[in-house]
Amino acid sequence: MKNKSICRIFMVIFSSLGFLAGCGGNPEIPVEEQGFYMGTVVTVKAYGPKAQRAADEAMKRIRDLQDKMTIQAPDGEIQRLNASAGNGAYVPLSSDSIHVLKTALKYARLSRGSFDVTIGPLVQAWGISTQNPQVPSLTEIERIKKMINYQDLEINEKENTARLKNTGQMVDLGGIAKGYAGDEVVKIFKAYGIESAFVNLGGNVVALGGKPDGSSWNVGIQDPGAQDGGCTGVLKIKDRAVVTSGDYERYFEKDGLRYHHILDPKTGYPSKSGLSSVTIVTEKSMDADALSTAAFVLGLAEGLELVQSLEGVEAIFITGDRQIHITSGLRDSFTLADPGGTYQCHEKT
Ligand code: ADP
Ligand code: MG
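Calculation notes
- Residues numbered from 1 in each chain as written.
- Chains lettered and ligands numbered in written order.
- Predicted model: local features only at pLDDT ≥ 70, side-chain atom pairs only at ≥ 80, totals over all residues.
- Heavy atoms only, no water.
- Pairing = 2+ DSSP bridges.
- Helix = DSSP H or I, 4+ residues; strand = E, 2+ residues; numbered from the N terminus.
- Axes fitted to C-alpha atoms, helices over the stretch in contact; angles between N-to-C directions.
- Domains from an automatic or database assignment.
- Contact = heavy atoms within 4.5 Å.
- Buried area = accessible area lost by both parts, 1.4 Å probe.
- Salt bridge = Lys/Arg side-chain N within 4 Å of Asp/Glu carboxyl O.
- Polar contact = N/O pair within 3.5 Å; in protein donor to acceptor, adjacent residues only side chain to side chain.
- Donors = N, O, S within 2.8 Å, 3.2 Å for Na, K, Ca; no water.
- Buried < 20%, exposed > 50% of the residue type's maximum accessible area, 1.4 Å probe, protein only.
- Core = buried A, V, L, I, M, F, W, Y, C linked by side-chain atoms within 4.5 Å.
- UniProt positions renumbered as here; feature names shortened; annotations may be inferred.
- Near = heavy atom within 4 Å.
- Areas by Shrake-Rupley, 256 points an atom, 1.4 Å probe, with all protein chains shown as cover.

Draft legend 1. Region of the structure containing the sheet that holds strand S7 (residues 204–208). Reading across from one edge, S1-S2-S6-S7-S10-S13-S14-S15-S17 is the order of the nine strands in this open sheet, with mixed pairing throughout. The sheet is open, and its two edges are formed by strand S1 (31–37) and strand S17 (344–348), each paired on a single side. When strand polarity is set aside, the average angle formed by the axes of neighbouring strands in this sheet is 10 degrees. As paired strands, strand S2 (residues 40–47) and strand S6 (residues 196–201) are joined by six bridges and run antiparallel to one another. When the sheet's bridge partners are listed, Val44 is paired in S6 with Val199.

Okay, structure coming up:
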């Protein structure tokens, strides 16, 4: 994992400074907790009398979801689903996992397989987020590609069970689980009567309300080309999820080439769609998470078409040649950090 959270940590600090400056000495201090879950730095920040209890419960809930959905440890239920692949049996799962799997299938269909959680064997073969990443051989990639097919993930909703049709198939929820966790944290905060909170799961950001003074939260959109985690622009949000998928987030280099972690199920290689990042802005962070990965793989034209076909979904596409394309709903909320700089911003209507 490289540089992943610098920009995001910056924006959390940015947000809290904004709050302190904006309220003229209001004594209310947020409760802030941090941990390392789901392979990334998780920060929750909440305001209000019950914020401490809510934040504690939120962290517990994230750990619980990690335990269910991780495939890095042997005991998780998605791991059990994978271990039973091809044996015909349906595996009992929690309603959390069923809900995430169902949503994953929805976005697999909408993206015509560009987002596909049965990508597991390919993720494993590349090992991009591990200590030993490697470029698999062409034969290996061809063999593995045949195993990726979301239609082989069968869910029995009545029974809360699921199965994978063929031996060797594996679900990997790395492109969607953090999004679901973000939504669950917001649910907890709401149940505690909290009206102002900010959650950041390694760049999966969810804001509940605005800042306590009523103004918007500022979310920095990372410059994909910056080594220092600098931002191309700032997005103002209230009650929104902001999730970015970028080729600079996790990668390794071999023989002068860079291989990143967003894989194209159709080629078997890291996606080369001409994009450096896609940021999705919408209500639910699970939708934003799946869509940011899907749109990244689809590329600018098809990704934009998908985003624009969906109600309440906005996006920022940053191309490898430093063009920023925003959907019209972000016209008043996105500001370029350096308007005279090398990035050019275009609005898509
Ligand atoms: P991040 O995990 O850095 O937030 P993403 O949400 O884009 O980034 O998810 C990338 C992760 O999703 C990868 O690490 C891998 O586990 C998984 N993944 C990679 N390619 C795909 C794909 N085409 N469809 C679904 N999941 C993917
Ligand atoms: Mg994603």
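Draft legend 2. Examining the domain arrangement of the protein chain more closely. Domain annotation of the protein chain identifies domain 1 (2–65 + 196–348) and domain 2 (69–164). Taking only C-alpha atoms into account, the centre of domain 1 sits 25 Å from that of domain 2. Each partner contributes to the interface: domain 1 provides 29 residues, whereas domain 2 provides 27 residues. Carbon and sulfur atoms make up 69% of the surface buried where domain 1 meets domain 2, a total of about 2300 Å² over both sides. In this assembly, domain 1 and domain 2 are joined by two salt bridges. Between Glu302 and Arg112 there is a salt bridge; the shortest N-O distance is 2.7 Å. Counting across the interface, domain 1 meets domain 2 through seven residue pairs in polar contact (both at pLDDT 80 or more). Residue contributions to the side of domain 1 that touches domain 2 peak at eight residues, all from helix H8 (residues 285–298).

Draft legend 3. Seen up close, the sheet that holds strand S8 (residues 217–222). With respect to topology, three strands assemble into an open sheet ordered S8-S9-S16, the strand pairing being antiparallel. Each edge of the open sheet is held by one strand with a lone partner, namely S8 and strand S16 (334–336). Neighbour-to-neighbour, the strand axes of the sheet open up by a mean angle of 25 degrees, direction not taken into account. Note: strand S9 (residues 231–237) against S16, three bridges, orientation antiparallel. Bridge pairing in S16 links Leu235 to Phe334.

Draft legend 4. Quick look at the coordination of the magnesium ion (ligand 2). In this structure, Gly175 (O), Asp289 (O), Asp289 (OD) and Thr293 (OG1) serve as the protein donors to the magnesium ion (ligand 2), at separations of 2.1 to 2.6 Å. Classification of Gly175 as buried rests on a relative accessible area of 18%. Given the relative accessible area of 4%, Asp289 is considered buried.

Draft legend 5. Molecular detail of the pairing of strand S10 (residues 241–246). Of all six residues making up S10, six are buried, and the element is well covered by its neighbours. Neither face of S10 is exposed, since Ala241, Val243 and Ser245 on one face and Val242, Thr244 and Gly246 on the opposite face are all buried. In terms of strand pairing, S7 meets S10 through three bridges, oriented antiparallel. By the bridge assignment, Val206 is partnered in S10 with Ala241. In the sheet, S10 pairs with strand S13 (residues 275–282) via six bridges, with the strands oriented antiparallel. Residue pairing for S13: Gly246 is matched across the bridge by Ser277.

Draft legend 6. Summary view of the environment of Thr319. You can see Thr319 is positioned in strand S14 (residues 314–319). In the structure, Thr319 is positioned 44 residues away from Leu275 in sequence and 4.2 Å away in space, judged by C-alpha atoms. At a separation of 2.5 Å, a polar atom in the side chain of Thr319 contacts the side chain of Asp321.

Draft legend 7. Looking closely at the nonpolar core. Leu173 and Phe189 are the most contacted members of the largest nonpolar core, which has 72 residues in total. A per-element tally of this core places H8 first, with nine residues. In contact with Leu173, not counting residues within four places along its chain, are Met69, Ile78, Val100, Leu101 and Val117. Of all hydrophobic cores here, the second largest spans 19 residues; its members include Val205, Leu235, Ile318 and Tyr343.

Draft legend 8. Summary view of the UniProt feature "binding site: Mg(2+)" (unreviewed entry) in the protein chain. Those residues carrying the UniProt feature "binding site: Mg(2+)" (unreviewed entry) are Gly175, Asp289 and Thr293 in this numbering. Maximum C-alpha separation among the annotated residues is 6.6 Å over a sequence range of 119 residues, consistent with a single clustered spot. As for its placement among the helices and strands, Gly175 is situated in the loop between strand S5 (161–164) and helix H7 (177–191). Contact partners of Gly175, with chain neighbours within four places excluded, come to Phe115, Asp289, Ala290 and Thr293. Sequence-distant contacts of Thr293, that is, excluding residues within four places in its chain, are made with Phe115, Gly175, Ser245 and Ile262.

Draft legend 9. Representation of the site of ligand 1 within the structure. In the vicinity of ligand 1, 20 residues are found, and the nearest of them are Lys178, Ser245, His261, Leu263 and Thr293. Within the side chain of His261, an N or O atom sits 2.9 Å from an oxygen atom of ligand 1. The separation between an oxygen atom of ligand 1 and a polar side-chain atom of Asp289 is 2.9 Å. Contact with the protein chains covers 97% of the free accessible surface of ligand 1, which is 560 Å².

Draft legend 10. Local environment of the pattern of salt bridges. Evaluation of the coordinates by the stated rule reveals 13 salt bridges. Note that Asp96 and Lys68 form a salt bridge whose closest N and O atoms lie 2.8 Å from each other. One end of the pair, Asp96, is in helix H4 (residues 95–110); the other, Lys68, is in helix H2 (residues 51–69), with 28 residues separating them in the sequence. We note that Asp96, like Lys68, is buried. Salt-bridge contacts for Lys102 lead to Glu157; the nearest nitrogen and oxygen are separated by 3.1 Å. Here Glu157 lies in the loop between strand S4 (153–156) and S5 and Lys102 lies in helix H4, a separation of 55 residues in the sequence. By relative accessible area, which is 48% here, Glu157 ends up partly exposed. When salt bridges with common partners are traced through the structure, they connect Arg61, Asp64, Lys68, Asp96, Glu184 and Lys187 into a single cluster.

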